[in-house]
Amino acid sequence: MSNFNIPATQKVAVVPKAGGTIEIKNDWPVRQQKDLAPGECLVKIESSGTRCCHTDLHAALGDWPLKAMTPLIGGHEGVGIVVAIGNNTNNSPVKLGERVGIKWLADSCLNCEDCRKGREQNCSQAKLSGFTVDGTFAEYVVSFVNHVTPIPEGFPSNDAASILCAGVTVYRAIKNSRTEQGDWIVIPGAGGGLGHLAVQYARARGLRVIAIDTGDHKAKLCKDLGAEAWIDFKTSKDIVADVKKATGGPGAHSAVVTSASSGGYTQALDYLRPGATLMAVGLPGTATLNASIFFTVFKSISICGSYVGNRQDAREALEIAARGQVKVHFVTKDLKDLKDTYDGLTAGTVAGRVVFDLTK
């Protein structure tokens, strides 16, 4: 069924156990076409991104309430070519040679209530790339024909990789933030991997952006991307007052919190105006959200969790980026640099995103 030459072994980045050190293996087996189940496909990876809500880092550290499988090949923002499809796969929406993306949500049943209502990511049978199934820090990845996402023609693989999780995640959150053109939206963590994309998707929807982060480099990045106001959380004496001043007094209409710390959530409730919506996106491990019930009710504040996106969200997010309305700011590295990248994420020194080029 395959006209591609599929090797027996490949290079991967694997974490042997939770909290373990990343190891580069050059002799990891590649699943062959005859061993693929119906509905599965083998993708030869060209690019793989990292930094989405620190998800890859949390998976490697094992510090989430949900535990990843081990040994773990992480990564869930991969772009590559379909080189094999399992026998007896009926009506495959993708074909051999097609360029596709692999997302955090690798597969779902498509039949349960959550899947039918467009919440495929909440399916109880969901398979998660780089968490419960092997991810995209590898030269070849087994994925699923119903969930890989076609990449728009002409859109570079390195650019597309980061849209597949980071872009989709913030796009869906902004899409569901109950905002209208001209409304104010706050992006804490705006200079990070998700945040800098959130600034652009918000601008694409006609929203006015207040960016919160720290550092001159991130300040310039956010302003260049169209943020109307910048607040450095390390130098600001009163973030709540600064947000309200930027909006002319009443506060923002929404906040999309992408930062991986609980403080960003608690503050947001104070600088939102009545009727506003707090979109919870970042995943700070075991931290809790402490909200005043009285003022949440009194101000008619809505608190909504937004967890990645579905297949349609992915297509929409990619199309917007492919039209040039969203530009991923990234540096390209070799897979062997993954450990150093994780160290940078832990230290908070990584601005924008990192994409690993698997074609080298």
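Attention in this report is confined to the structure presented alongside it. Nothing here was measured: the structure is a model prediction, and the numbers come from that model.

Basis of the calculations
Residues numbered from 1 in each chain as written. Predicted model: local features only at pLDDT ≥ 70, side-chain atom pairs only at ≥ 80, totals over all residues. Heavy atoms only, no water. Helix = DSSP H or I, 4+ residues; strand = E, 2+ residues; numbered from the N terminus. Rg over C-alpha atoms; globule rule 2.2 N^0.38 Å. Buried < 20%, exposed > 50% of the residue type's maximum accessible area, 1.4 Å probe, protein only. Contact = heavy atoms within 4.5 Å. Areas by Shrake-Rupley, 256 points an atom, 1.4 Å probe, with all protein chains shown as cover. Lys, Arg positive; Asp, Glu negative; His and termini not counted. Charge placed at Lys NZ, Arg CZ, Asp CG, Glu CD. Phe/Tyr/Trp six-rings, centres within 6.5 Å; stacked < 30°, edge-to-face > 60°. Patch = residues over 30% accessible without salt bridge, like charges linked within 9 Å, V, L, I, M, F, W, Y side chains within 5 Å. Salt bridge = Lys/Arg side-chain N within 4 Å of Asp/Glu carboxyl O. Axes fitted to C-alpha atoms, helices over the stretch in contact; angles between N-to-C directions. Parallel < 35°, antiparallel > 145°, perpendicular 65-115°, else oblique. Left-handed = near helix turned anticlockwise from the far one by under 90°. Nonpolar A, V, L, I, M, F, W, Y, C, P; charged D, E, K, R; others polar.

### What about the overall build of the protein chain?
Moving on, step 1. Across its full length, the protein chain carries 10 helices and 18 strands.
Moving on, step 2. Here the C-alpha radius of gyration of the protein chain, 20 Å, is about what a compact globule of 360 residues would show, namely 21 Å.
Moving on, step 3. Dimensions of the protein chain, computed from C-alpha atoms along their principal axes, come out at roughly 65 × 40 × 40 Å.
Moving on, step 4. Looking at the 360 residues of the protein chain, the share that counts as buried comes to 56%.
Moving on, step 5. Taking all contacts inside the protein chain whose residues are at least 6 apart in sequence as the whole, residues at least 24 apart take part in 71%.
Moving on, step 6. For the protein chain, the exposed surface amounts to about 15300 Å²; the carbon and sulfur share of it is 49%.
Moving on, step 7. Between the mean site of the 39 positive side-chain charges and the mean site of the 35 negative ones, the protein chain shows a separation of 3 Å.

### Digging into the packing of aromatic side chains
Given two aromatic rings, one states the distance between the centres and the angle between the planes to describe the pair.
Moving on, step 1. Evaluation of the coordinates by the stated rule reveals six aromatic pairs.
Moving on, step 2. Judged by centre distance (5.1 Å) and plane angle (80 degrees), the ring pair of Phe294 and Phe295 falls under edge-to-face.
Moving on, step 3. On the basis of relative accessibility, which here comes to 55%, the residue Phe294 falls in the exposed class.
Moving on, step 4. Look at Phe294 and Phe298: their rings are 5.6 Å apart centre to centre, the planes differ by 15 degrees, and that puts the pair in the stacked class.

### Here's the deal with a nonpolar patch on the surface
Moving on, step 1. A grouping of Phe294, Phe295 and Phe298 is seen on the molecular surface, where their side chains present a nonpolar patch of about 390 Å² in accessible area.
Moving on, step 2. Mapping Phe294 onto the fold places it in helix 8 (residues 293-298).

### Quick word on the packing of helix 6 (residues 239-246) against helix 7 (residues 263-271)
In a packed pair of helices, the relevant descriptors are the angle between the two axes and the axis-to-axis distance.
Moving on, step 1. The contact between helix 6 and helix 7 brings their axes to 9 Å, and the two run at 45 degrees. With respect to helix 7, the element helix 6 is oriented oblique. Of the two elements, helix 6 crosses helix 7, and the hand of that crossing is right-handed. Facing helix 6, whose interface residues are Ile239, Val240, Val243 and Lys244, helix 7 presents Gln267, Asp270 and Tyr271.
Moving on, step 2. Taken together, the residues that form the contact of helix 6 with helix 7 break down as four nonpolar, one polar and two charged.

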